[in-house]
Amino acid sequence: MSAFRVELREGDFGYFDLEWRPLLSREKALEGWVPQYLYPLIFEGVSILSWEGPQGQEAVWFTGEDQIYLAGRVQDLGEVERKIVNRTISIWAMEKLSAIVNGGSTRPSSIHEESVKRGLIEEWLGDAASGLLWEPAAMARNLPFLVDTLASNRSELKVGPSGDVQLSVVSPRTGERVIIDHGICLDDFRTICPLAGEPGLYLCRAGHKASFLALYDASTGTVYVGEGENDSWAAPHYFRSLDKEIYLHLLQYEAALTNYFRRSSNRLAAIFRNPPHLGHQLYNEIGGIDILLQASRGARRPPLALILGGAEGEIYGPTDALFPEWRGSVAYYGEDWISRVYSQSLCALRLTDEYVGEGVRARIVARACASELVAEDRSLASALKAAGAPIVIIGLRVENRTLGDIPKFIIAFAERIHDHWPDAVLAIDGHNAKRPGSSEVYKSAIACTRDPYEYEREIVTAIKSHCDKIGLTLIDLVGSVMERSVFWSALATAFVAPWGAGLAKYRWLGNCPGVILSNSWNIQYRSDFDIYFDPNIMAKPSRVIVIDPNRVKDITDVSSLIMPHPSDQPAEGAMNFDVDIEDVVDALKDILSYQGASEKLDA
């Protein structure tokens, strides 16, 4: 913006702009600091006065009319002035985005101008305020099909005329299908996609089940939010600073993006984050792979799979080992993955799901059961099967929403197991090692007051000596490789475990019947509590019993938690709890007498 920069000149009585209008007296200038540029913001009333210090430092003042000092930081401005700053930033983002996408000039009037803009946005990035306007999709009067665009969140994947898989959505203006072939990757979780033939319109994609949550109209700075169950909170949550983040992203990748948008179309690529979370990696990332392979039937090649974080992040096994159909189309990208996406002309999106089908389950279980890492387990399993011994897995959870005294509970449980089923075997499971013989484990919990894996090992040590004393066979899976946990989850007669990510192994993969424990609040009010037995989440779920919440005693003392509770979740959901051991044993008796468990034992 040529009018944006006003260079200052020094005069006998102070500082003047290029037209020699007085701006600042010498007496008001800080000793050793020289004013450089005056940036009037888009809206009248606020300007940015840039300073250079004696050692080349940079600083800014916000000034009002007649260049009266207002503040040195955005946070110290009044509400009206902050809105002006935010709206200006939003306009900067819109102009720069439009220029890059449409091949126009993005050069600033000076390097100093860009530096001031960058510094201002970075300082103000984390603030909840925004220059964006937020509206429901139904309010976009000139986009009659926008509600349909955002409602068809799964979009449409199919083989296009070129033989490659393409992603399309309903055009918000015409209702016809539009191909998505460009994406700006803000990070590994969020992408904005320009709509072909609709200048200034960008679909905003995010979420564990990646979907288009909103549409950003860059011509007006308005974000239209979808009417899905979670869209109203998810879109502002993921994109509240969209304009500021876009601007910083465009500064960082300006040259690469300019070349990227000169190409009319790009090959579809699927981003797989491989988070160290057993559940999200399985039913989001791997579930998405399954959908993509179904959509790729008849294609000359599947979409490129971009595995972020390296092969070690693949908890359940290498992608092309689980899905041989993908061999030759899997790439492992490091920290420079965004630059590579743009330079290689890829339309990179997260293409995920929220479902574990029979096909995914069978692939992972088959690979685990055939692995040499479970050779000894196969021999033991054959002997147990011949003896008709029930195998009960007890899953450890130590971070939060778990049993108040875990060793005491498991020791009592082991005694009851041995009393009721003398030939029973108890398998105790927990965190899994990244490599055979390694103490480095997959874990998603952060900022714990003690190491979860070390805590689990202490529990196993305490329990093992007691099991030896009473003659109960104990299979120790804590710290083992994932193949062993999956093997025994698929073979086990039943499980008992607190609600949490460990159930991904026992339920989604092993489809093992069992007893789920949790605090009473979770059981009654947690919205996603049923994911480990909901047929919309997992294929053909076997029977589970959830402990009666009226028989659970929640522990309100948070000092019992070793992991701080996430601030975006209800605190009640993190509470540990106590249950009556007899209630758990009675539920297990019910499960073991159920035909499904008997059939599994005989299989």
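First, a word on scope: everything that follows refers to the structure included in this document.

Calculation criteria
- Residues numbered from 1 in each chain as written.
- Predicted model: local features only at pLDDT ≥ 70, side-chain atom pairs only at ≥ 80, totals over all residues.
- Heavy atoms only, no water.
- Core = buried A, V, L, I, M, F, W, Y, C linked by side-chain atoms within 4.5 Å.
- Buried < 20%, exposed > 50% of the residue type's maximum accessible area, 1.4 Å probe, protein only.
- Helix = DSSP H or I, 4+ residues; strand = E, 2+ residues; numbered from the N terminus.
- Contact = heavy atoms within 4.5 Å.
- Axes fitted to C-alpha atoms, helices over the stretch in contact; angles between N-to-C directions.
- Parallel < 35°, antiparallel > 145°, perpendicular 65-115°, else oblique.
- Left-handed = near helix turned anticlockwise from the far one by under 90°.
- Nonpolar A, V, L, I, M, F, W, Y, C, P; charged D, E, K, R; others polar.
- Salt bridge = Lys/Arg side-chain N within 4 Å of Asp/Glu carboxyl O.
- Expected span 1.5 Å × (residues − 1).
- Polar contact = N/O pair within 3.5 Å; in protein donor to acceptor, adjacent residues only side chain to side chain.
- Pairing = 2+ DSSP bridges.

Looking now at the nonpolar core. Counting 185 residues, the largest nonpolar core has Tyr 216, Tyr 316 and Phe 413 as the members making the most contacts within it. At 10 residues, the largest contribution of residues to this core is made by helix α1 (residues 79-101). If sequence neighbours within four positions are ignored, Tyr 316 has contacts with Leu 278, Gln 281, Leu 282, Ile 286, Leu 322, Ile 364, Arg 367, Met 482, Ala 504 and Leu 509.

Look at helix α12 (residues 406-420) against helix α13 (residues 452-470): their axes get within 10 Å of each other, and the N-to-C directions meet at 30 degrees. In terms of orientation, α12 and α13 fall into the roughly parallel class. Along this stretch, α12 crosses α13, giving a crossing that reads as right-handed. Contacts from Ile 406, Pro 407, Ile 410, Ile 411, Ala 414, Glu 415 and His 418 of α12 reach α13 at Tyr 455, Ile 459, Ala 462, Ile 463, His 466, Cys 467 and Ile 470. Grouping the constituent residues of the contact of α12 with α13 by class yields 11 nonpolar, two polar and one charged.

Now for the pattern of salt bridges. The tally for this structure, following the rule as stated, stands at 28 salt bridges. A salt bridge links Asp 528 to Arg 526; its shortest N-O distance comes to 2.6 Å. Given a relative accessible area of 28%, Asp 528 falls into the partly exposed group. Salt bridges here are not isolated pairs; linked through shared partners, they connect Glu 312, Lys 434, Arg 435 and Glu 440.

With 13 residues, helix α17 (residues 581-593) should cover 18 Å at 1.5 Å per step; its first-to-last C-alpha distance of 18 Å lies within 8% of that length. All of the buried residues in α17 are Ile 581, Asp 583, Val 584, Val 585, Ala 587, Leu 588, Ile 591 and Leu 592. Where α17 begins, the capping side chain belongs to Asp 580, and its oxygen is found 2.8 Å from the backbone nitrogen of Glu 582.

On to the sheet that holds strand β13 (residues 184-185). Strand order in this open sheet of six strands is β9-β17-β16-β15-β14-β13, and the pairing throughout is mixed. Two strands close off the open sheet at either side, each with one partner strand: β9 (133-136) and β13. The pairing of strand β16 (residues 211-217) with strand β17 (residues 222-225) spans four bridges and is antiparallel. From the neighbouring strand, Asp 217 faces β17, where its bridge partner is Thr 222. Against the sheet, helix α4 (residues 231-239) engages β9, β14 (191-194), β15 (201-206), β16 and β17, with an angle of about 65 degrees to β16.

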